[in-house]
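Summary of the model geometry
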Amino acid sequence: GAQLLAATEPGEALRALRRLPPGDRPGLLDRMPRQAQLELGWLLAYPGDRAGGVMTMVLACAHPGETVEQARRRLSGQGGYRTGIGLVAVLDESGRVAGEVPVFDLLVSDGSRRVADLIDPGKPLVTLPPDAPLGTVTAKLMESRRSSLLVVDGEGHPLGRIQPGDVLDALVPGQWRPRVPRLPR
C-alpha cells in the first residue's frame, strides 16, 4: 500500500491519505520513500479546504535568462506529468515567481529566445496564498480563466499549483469522476 501510494501523483496520494483516519496516516507515511514522506507530510499540514491542502507540488519552472531551448530540454525530464503542466513558472534569482509562460509558447517559440521575452506583460500574474479558502480559489480560477494558479508563500516563492480538477476533487470527492465499468472475465 505505501509503495503504491508513493508512486501515485502527489495530489492523488494526498486525497487518498485524507480519507484515512488521522491515526493511520503516520504508519503509512513511515513506510514510504523519504521524498514522498516529506512531500505528503508537508501537504497534510494544510487543511483540505484551503489552497495548500488541494495543490499539487508538481511544478514546471524556468528562469528568465535561459533560452527557450534550454527550458525545453530541462522540462522534458518532467514528461511523466505532461498532461498536468500547462503553465511554466518563471523564477527570478531569488526563487520568487516573476511570471508565467504557457507551455504552448515554449513549444512554438524560436529556441534562441529568452524565456523572459515570453512573459505576457498584459496578463498579470495571479497567485494564491496556501491558506486561501476553496471559495477564493474557485473565484480566482474563474475570473482569471487560467488552466491553473500558483500557490506562493508570503515572499512569492512557489509552493504548488492548483488546477480546476483539484478543486473539484476537494468539493465533490470521488463523485464527479466518470466510472469505468469492469469487463467480465
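On a predicted model such as this, the values are computed, not experimentally measured, just so you know.

**Focus on the sheet that holds strand β4 (residues 127–128)**
Taken in spatial order, the three strands of this open sheet run β4-β5-β6, and their pairing is mixed. With partners counted over all chains shown, the strands left at the sheet margins are β4 and β6 (158–162), one partner each. Pairing analysis gives four bridges linking strand β5 (residues 149–152) to β6, with the strands arranged antiparallel. From the neighbouring strand, V152 faces β6, where its bridge partner is P158.

**Some thoughts on helix α4 (residues 34–44)**
Those residues of α4 that fall on the buried side of the exposure criterion are A36, Q37, L40, L43 and L44. Burial along α4 is one-sided: seen end-on, the buried residues are contained in an arc of 145 degrees. In α4, the exposed positions that point more than 90 degrees away from the buried face belong to R34 and Q35.

**Remarks on the nonpolar core**
Core analysis: the largest hydrophobic core is formed by 25 residues, its most contacted members being L40, M55, V137 and I162. Mapped onto this core, the elements with two or more residues apiece are α2 (10–18), α3 (25–30), α4, α5 (51–54), α8 (134–144), β5 and β6. Looking at this core, the element that brings in the most residues is α4, giving four residues. Beyond its immediate sequence surroundings of up to four residues, M55 is in contact with W42, L43, Y46, V151, L159, G160, R161 and I162. By size, the runner-up hydrophobic cluster in this structure holds 13 residues, among which are V58, A71, L75 and V90.

**Considering the side chain of S109**
Looking at the element boundaries, S109 is found in the loop between α7 (103–108) and β4. A polar contact is formed between the side chain of S109 and the backbone oxygen of D105, at a distance of 2.5 Å. Residue contacts for S109: discarding those within four places in its chain leaves V68, R72 and L118.

**Topic: the pattern of salt bridges**
Following the criterion strictly, the structure yields eight salt bridges and no others. R72 is paired through a salt bridge with E69; the nearest N and O atoms lie 3.0 Å apart. Here R72 and its partner E69 are both found in helix α6 (residues 68–75), three residues apart, which amounts to about one turn of the helix. Owing to a relative accessible area of 26%, R72 belongs among the partly exposed residues under this scheme. Linking R161 and E100 is a salt bridge whose minimum nitrogen-to-oxygen distance equals 2.9 Å.

**With respect to the sheet that holds strand β2 (residues 87–91)**
Strand order in the open sheet made by the three strands is β1-β2-β3, with mixed pairing throughout. What marks the edges here is a single partner per strand, and that holds for β1 (61–62) and β3 (97–102). Here β1 runs beside β2; their pairing, made up of two bridges, is parallel. Each residue of the ladder has a partner; that of A62, found in β2, is V90.

**Some words on a nonpolar patch on the surface**
Taken together, the side chains of F104, L107 and V108 present a nonpolar region at the surface, about 350 Å² in accessible area. Among the structural elements, L107 can be located in helix α7.

Procedures and definitions
Residues numbered from 1 in each chain as written. Predicted model: local features only at pLDDT ≥ 70, side-chain atom pairs only at ≥ 80, totals over all residues. Heavy atoms only, no water. Pairing = 2+ DSSP bridges. Helix = DSSP H or I, 4+ residues; strand = E, 2+ residues; numbered from the N terminus. Buried < 20%, exposed > 50% of the residue type's maximum accessible area, 1.4 Å probe, protein only. Arc of directions from axis to C-beta. Core = buried A, V, L, I, M, F, W, Y, C linked by side-chain atoms within 4.5 Å. Contact = heavy atoms within 4.5 Å. Polar contact = N/O pair within 3.5 Å; in protein donor to acceptor, adjacent residues only side chain to side chain. Salt bridge = Lys/Arg side-chain N within 4 Å of Asp/Glu carboxyl O. Patch = residues over 30% accessible without salt bridge, like charges linked within 9 Å, V, L, I, M, F, W, Y side chains within 5 Å. Areas by Shrake-Rupley, 256 points an atom, 1.4 Å probe, with all protein chains shown as cover.

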